[in-house]
Amino acid sequence: MIRQSSSLTTYIVTFSCPNRPGIVAAVSQRLFELGANITEAQQFDDMASTQFFMRIVFELPKDGLSEDALKTEFAGLANTFSMNWSISDRSKRLKVLLFVSRFDHCLVDLLYRWRIGELQIDPVGIVSNHPRETYADLDFHGIPFHHLPITKETKADQEERIWTVFQESGAELAVLARYMQILSNEMATRLSGRCINIHHSFLPGFKGARPYHQAFSRGVKLIGATAHYVTSDLDEGPIIEQDVERISHADDPDDLIRKGRDIERRVLARAVRYHVERRAILNGNKTIVFTP
């Protein structure tokens, strides 16, 4: 849960740009001139791409610059260094549209973390290709539920309805919490950088149906999960977070499924948190993640 002084507003600025000397000095000086107090700073120089990445948390008096004025003041410096940048008020909750199919463990976990204040999100809708009765034992706390069934013939129409819900709800992020439908290239493009998926393998892994049964038949010693941004390349999007758990010859497929669900929950929650806190920055086919 984020706490901040009643007299201060905390902002997060993230940016990437071609690396060159003086970037940190210039940004620090500009924030100082604007009356900011820097409380966190993380940076990374990617030697392969020659790109520089940075995340800074800073405070400003509430009676000082507005957020719009702050962005205007920072824009000149950003242009000087050809930055891809953003500034956001850390206290503002990100509006999230949650997607789910039959298995609801990831959805339940995200809703719990939201309810206790661990995740700074504002769920604006739940989309499922299954009817509400599938989750009869779950309390959605008044979050709008959208049953959007899909068939091979209706996929295009269903995705148009999804896009309408996303826009009308004001969503800023889509989270596929074990939503077992493949998004079209067009939808993936529309949601580029704004859609996170949880994959039931430590990628690269066993593809297709019954992944845990495939893993069992191969006698694997580790299982895992991967959270990544969705792209048109199925399960090949920039990875945000991964985790694994050791298993043994004594574990049967049900044990793998049980352990896999635990991994999926925690990996997806961390990935959503990193995105919400502006810790994940896209770097081509990869991400830079400034972990806490």
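Residues numbered from 1 in each chain as written. Predicted model: local features only at pLDDT ≥ 70, side-chain atom pairs only at ≥ 80, totals over all residues. Heavy atoms only, no water.

**Some points on the overall build of the chain**
- Within the chain, the regular secondary structure consists of seven helices and 13 strands.
- If you line up the chain on its principal axes, its C-alpha atoms span 60 × 40 × 35 Å.
- Counting over 292 residues, the chain shows a buried share of 46%.
- Residue pairs at least 24 apart in sequence account for 66% of intrachain contacts in the chain once pairs closer than 6 positions are excluded.
- On the chain, roughly 14500 Å² of surface is accessible, and the fraction owed to carbon and sulfur atoms is 50%.
- Each charge class in the chain was averaged separately, 35 positive and 37 negative side chains, and the resulting centres sit 3 Å apart. (Helix = DSSP H or I, 4+ residues; strand = E, 2+ residues; numbered from the N terminus. Buried < 20%, exposed > 50% of the residue type's maximum accessible area, 1.4 Å probe, protein only. Contact = heavy atoms within 4.5 Å. Areas by Shrake-Rupley, 256 points an atom, 1.4 Å probe, with all protein chains shown as cover. Lys, Arg positive; Asp, Glu negative; His and termini not counted. Charge placed at Lys NZ, Arg CZ, Asp CG, Glu CD.)

**Let's talk about the packing of aromatic side chains**
- In the structure shown here, the tally under the stated rule is eight aromatic pairs.
- Ring centres 5.8 Å apart and planes at 15° place the aromatic pair Phe140 and Phe145 in the stacked group.
- Accessibility expressed as a relative area gives 22% for Phe145, which makes it partly exposed.
- Through a chain of ring-to-ring contacts, the aromatic side chains of Tyr135, Phe140 and Phe145 assemble into a single cluster.
- The aromatic ring of Phe145 is capped on one face by Arg132, whose charged end is 6.0 Å from the ring centroid. (Phe/Tyr/Trp six-rings, centres within 6.5 Å; stacked < 30°, edge-to-face > 60°. Lys NZ or Arg CZ within 6 Å of the ring centre and 35° of its normal.)

**Remarks on the pairing of strand β8 (residues 173-176)**
- A two-sided burial pattern is seen for β8, the buried positions comprising Leu173 and Val175 on one face and Ala174 and Leu176 on the other.
- Of the strand pairs in this sheet, strand β5 (residues 94-100) and β8 are connected by four bridges, and their pairing is parallel. Bridged to Leu97 within β8 is Ala174.
- Strand direction decides the pairing type here: β8 and strand β9 (residues 195-199), joined by three bridges, are parallel. Within β9, the position partnered with Ala174 by the bridge is Cys195.
- On the question of chirality, the crossover connecting β8 to the parallel β9 by way of helix α5 (residues 185-190) is right-handed. (Pairing = 2+ DSSP bridges. Right-handed = clockwise from strand over helix to strand, strands pointing away.)

**Observations concerning the sheet that holds strand β1 (residues 8-18)**
- In space, the four strands of this open sheet follow the order β2-β3-β1-β4, with antiparallel pairing throughout. With one partner strand each, in any of the chains shown, β2 (37-46) and β4 (84-89) form the two edges of the open sheet. On average, each strand axis in the sheet is tilted by 10° relative to the strand beside it, whichever way the strands run.
- For β1 and β4, the ladder comprises six bridges, and the chain directions are antiparallel. Residue pairing for β4: Val13 is matched across the bridge by Ile87.
- Each of β1, β2 and β3 (51-61) touches helix α1 (residues 23-33); the most contacted strand, β3, lies at about 15° to it.
- Packed on one face of the sheet, helix α2 (residues 67-80) meets β1, β3 and β4 and runs near 160° to β4. (Axes fitted to C-alpha atoms, helices over the stretch in contact; angles between N-to-C directions.)

**Comments concerning a nonpolar patch on the surface**
- Residues Phe202, Leu222 and Val244 make up a contiguous nonpolar surface patch of roughly 230 Å² in combined accessible area.
- Inspection of the secondary structure puts Leu222 in strand β10 (residues 222-229).
- On the basis of relative accessibility, which here comes to 42%, the residue Leu222 falls in the partly exposed class. (Patch = residues over 30% accessible without salt bridge, like charges linked within 9 Å, V, L, I, M, F, W, Y side chains within 5 Å. Salt bridge = Lys/Arg side-chain N within 4 Å of Asp/Glu carboxyl O.)

**Side note on the UniProt feature "active site" (unreviewed entry) in the chain**
- Mapped onto this numbering, the UniProt entry gives "active site" (unreviewed entry) at Asp235.
- Relative to the helices and strands, Asp235 resides in the loop between β10 and β11 (239-246). (UniProt positions renumbered as here; feature names shortened; annotations may be inferred.)

**Some details on α2**
- With 14 residues, α2 should cover 20 Å at 1.5 Å per step; its first-to-last C-alpha distance of 21 Å lies within 8% of that length.
- At Phe74, α2 is deflected by roughly 35°, the largest bend along its length.
- For α2, the set of buried residues is Glu67, Leu70, Phe74, Leu77 and Ala78.
- Residues of α2 that are buried in the fold lie against β1, α1, β3 and β4.
- Just downstream of α2, Ser82 is the residue with a positive phi angle, here 55°. (Expected span 1.5 Å × (residues − 1). Bend = angle between axes of the 7 residues up to and from the residue.)

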